[in-house]
Amino acid sequence: MTHTEYNFDGLIGPTHNYAGLSFGNLASATNKGAASNPREAALQGLAKMRAAMELGLGQGFLPPQDRPHLKTLRALGFSGTDRQMIEHAISDAPELLANCYAASTMWTANAGTVAPSPDTADGRVHFTPANLAANFHRAIEGETTARVLAHIFDHDKHFAHHPLLPGGVHFSDEGAANHGRLAEGHGSPGVHLFVYGKDGDRFPARQRKRASEAVARGHLLDPEKTIFIEQSKAALDAGAFHNDVVGVANGTVLFLHEQSFADPEAAYAAIRDAAPFVEIVEASAAKISLEDAVKSYLFNSQLVTLPGGEMALILPKESEENPRVKGFLEETLAKNNPINRLVFKDVRESMRNGGGPACLRLRVVMSEAESAAANQNFMLDAAKISRLEDWVRAHYRDRLAADDLKDPEFMTESLAAMQALTDILYMGAFYDFQK
Ligand code: SUG
């Protein structure tokens, strides 16, 4: 059976802004209060999707969520009309309003964890939406994300949907950003790497070990092919709030920074044992400091297998601009490993909130029958991308500053954009504001 990897990118929503909401994410903190450009952000994201498609890769997308999230504001005690709630929140709790406005569902690597059918005991593709309990603005995503995943992958025979993990921060789960799969081919049985953290001296860990264990259990993975690895505190404290900031796995290759794991030797031994075919391509700290890795996001690249079998890295422009990183990438290409192409993309609007190319996508490996059973409105071709670009140009602002969130007109405008999107995608009354 032929299996294909589809990248489901997050379509960047109209409220994309820089509110400095993510403690431990250095880019988010640094850019707090800066003006964003939601239109440019969304077009950059769509251009990346187009580029991946032009490389011959399978491409889909997950829609943004309704922001401001009025249902959350109401649950927090605000009442009256929607407009009154916004006005009340502006005067009483502007930081709550900022959280309810975050467009953070764009980073679909955090939408959930996925296990493809060759790896699961019941032969279905399993999904667990992430509870994102570590940050308030992200913790409000999961319930709608579950609905989005169930809407797109709506076929019991092929797709199994689990609820978000319960227990809040006790089972903090950030989805595929802390998960990787190694396999000889997309359709061969895979080895799953789950990376969890323990709080650092500077920053808290976002992924708990018991959360990763619960996801693996639910997905009916083979325990012999499932490895739990502790992330290094050095990486966490340097700003690698998710493991995908310092490493990425695809096919037979694990591409990562030497200081990703707490005990790299033990981790590599366990990985080699479960996946003897693995090629570990490592950047030494002497060549690339953690600081350079976090600033350039070189490991937050999409490591992809091209139709011809070679691998490419889809990287953020920032890693082309850092001479040490560029030099290391060129060296890596010249060496004997499957990586032999670099594609640099400008996703600066997302990067300024700490989200690189790999953060912006959720990988779903599917057989032909499975991809045919998925909702085709969310699978992309060139014409659908153009349609989404037109929608962005019609509805998005090219400048959004903190004060703009205080204008109730902006709420009306953002929700009108979401209404138009649900019409284009035949989603019906899907979001909370439409119910
Ligand atoms: O959760 N930034 C996101 C970035 C997520 C990146 N994803 C992966 N590494 N897979 C986060 O920290 C910033 C929002 C703000 O500050 O306005 C934010 O949510």
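Everything that follows concerns the structure shown earlier in this document.
Residues numbered from 1 in each chain as written. Predicted model: local features only at pLDDT ≥ 70, side-chain atom pairs only at ≥ 80, totals over all residues. Heavy atoms only, no water.

**Some details on the overall build of the chain**
Line of reasoning, step 1. Scanning the chain from N- to C-terminus turns up 17 helices and 15 strands.
Line of reasoning, step 2. The C-alpha atoms of the chain give a radius of gyration of 20 Å, which matches the 22 Å a tight globule of 435 residues would have.
Line of reasoning, step 3. If you line up the chain on its principal axes, its C-alpha atoms span 60 × 45 × 40 Å.
Line of reasoning, step 4. Within the span of the chain, comprising 435 residues, buried residues form 59% of the whole.
Line of reasoning, step 5. Of all intrachain contacts in the chain linking residues separated by at least 6 positions in sequence, the fraction that spans at least 24 positions is 77%.
Line of reasoning, step 6. When the 42 basic and 55 acidic side-chain charges of the chain are each reduced to a single mean position, those positions are 1 Å apart. (Helix = DSSP H or I, 4+ residues; strand = E, 2+ residues; numbered from the N terminus. Rg over C-alpha atoms; globule rule 2.2 N^0.38 Å. Buried < 20%, exposed > 50% of the residue type's maximum accessible area, 1.4 Å probe, protein only. Contact = heavy atoms within 4.5 Å. Lys, Arg positive; Asp, Glu negative; His and termini not counted. Charge placed at Lys NZ, Arg CZ, Asp CG, Glu CD.)

**Here's the deal with helix α2 (residues 38–54)**
Line of reasoning, step 1. With 17 residues, α2 should reach 24 Å at 1.5 Å per residue; the first-to-last C-alpha distance of 24 Å fits that figure.
Line of reasoning, step 2. If you check which residues of α2 are buried, you get P38, A41, A42, L43, Q44, G45, L46, K48, M49, A51, A52 and M53. (Expected span 1.5 Å × (residues − 1).)

**Let's talk about the sheet that holds strand β12 (residues 302–305)**
Line of reasoning, step 1. Spatially, the three strands line up as an open sheet ordered β12-β13-β14, and their pairing is mixed. The sheet is open, and its two edges are formed by β12 and β14 (339–345), each paired on a single side. Across the sheet, the mean angle from the axis of one strand to that of its neighbour is 25°, orientation sign disregarded. (Pairing = 2+ DSSP bridges. Axes fitted to C-alpha atoms, helices over the stretch in contact; angles between N-to-C directions.)

**Considerations on the packing of helix α16 (residues 382–395) against helix α17 (residues 408–424)**
Line of reasoning, step 1. Axis separation between α16 and α17 bottoms out at 10 Å; the angle between their running directions is 160°. One way to sum up the angle between α16 and α17 is to call them roughly antiparallel. Pair α16 / α17 crosses with right-handed handedness. Packed against α16, whose contacting residues are R387, L388, W391 and H395, the element α17 presents E413, A416, A417, A420, L421 and I424 at the interface.
Line of reasoning, step 2. Partitioned by chemical class, the residues of the contact of α16 with α17 number seven nonpolar, one polar and two charged. (Parallel < 35°, antiparallel > 145°, perpendicular 65-115°, else oblique. Left-handed = near helix turned anticlockwise from the far one by under 90°. Nonpolar A, V, L, I, M, F, W, Y, C, P; charged D, E, K, R; others polar.)

Interpretation note: all reported values are geometric properties and have no functional meaning in isolation.
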